[in-house]
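# Examination of the molecular architecture
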Amino acid sequence: MTDDEMNDEEILKDRANKYGPAKRCFETWTIMCETLNRYAKESPNTDLVHLYALKMALLKIVRSAWNPNIEDNYKDGRNYLTIAHQCVEQKKGK
């Protein structure tokens, strides 16, 4: 079934099967993001857009830890890192 054919409850169940229980997934991601925030706060080079792109890559890592067979997580993760890199390059004026 496609997302258009499912109600919200069915979509949530489908995502839990793919990515793990939502609450546990986001608890794990929150811990990772909070750790990243503390680390980035010490840096004079912190850029919020760059940091948020890194956080999205972390989400894909968490999802891949639950189910390493979802190919899309790897593609999305790489793309979020590309976005983070583009932020750095734009800031340098390239």
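Up top is the structure these notes are about.
No experiment lies behind these values; they were computed from the predicted model shown. (Residues numbered from 1 in each chain as written. Predicted model: local features only at pLDDT ≥ 70, side-chain atom pairs only at ≥ 80, totals over all residues. Heavy atoms only, no water.)

Let's shift gears to helix α3 (residues 48–66). Look at α3: 27 Å from first C-alpha to last across 19 residues, which is about the 27 Å you get at 1.5 Å a residue. All buried positions along α3 are accounted for by L51, A53, K55, A57, L58, L59, K60, V62, R63 and S64. Of the surrounding elements, those touching the buried residues of α3 are α1 (8–19), α2 (22–41) and α4 (71–92). (Helix = DSSP H or I, 4+ residues; strand = E, 2+ residues; numbered from the N terminus. Expected span 1.5 Å × (residues − 1). Buried < 20%, exposed > 50% of the residue type's maximum accessible area, 1.4 Å probe, protein only. Contact = heavy atoms within 4.5 Å.)

Turning our eyes to something else, we now look at the nonpolar core. In this structure, C25, W29, C33, L36, A40, L51, L58, L59 and V62 together form the largest nonpolar core, which totals nine residues. Breaking this core down by element, the ones donating at least two residues are α2 and α3. With five residues, α2 is the single largest residue contributor to this core. Those residues within four positions of L51 in sequence are excluded, and the remaining contacts are L36, N37, A40 and T46. (Core = buried A, V, L, I, M, F, W, Y, C linked by side-chain atoms within 4.5 Å.)

As a volume, the largest pocket reaches approximately 220 Å³. In this structure, the largest pocket is lined by 13 residues; those nearest its centre are S43, N45, T46, D47 and H50. Listing elements by their share of the lining of the largest pocket, those giving two or more residues are α2, α3 and α4. Tallied by class, the residues present in the lining of the largest pocket amount to seven nonpolar, four polar and two charged. (1 Å grid on protein atoms, 1.4 Å probe; cavity = no way out; pocket = protein on both sides within 12 Å on 5 of 7 lines; lining within 4 Å. Points joined across faces, edges and corners; volume = space filled by probe spheres on them. Nonpolar A, V, L, I, M, F, W, Y, C, P; charged D, E, K, R; others polar.)

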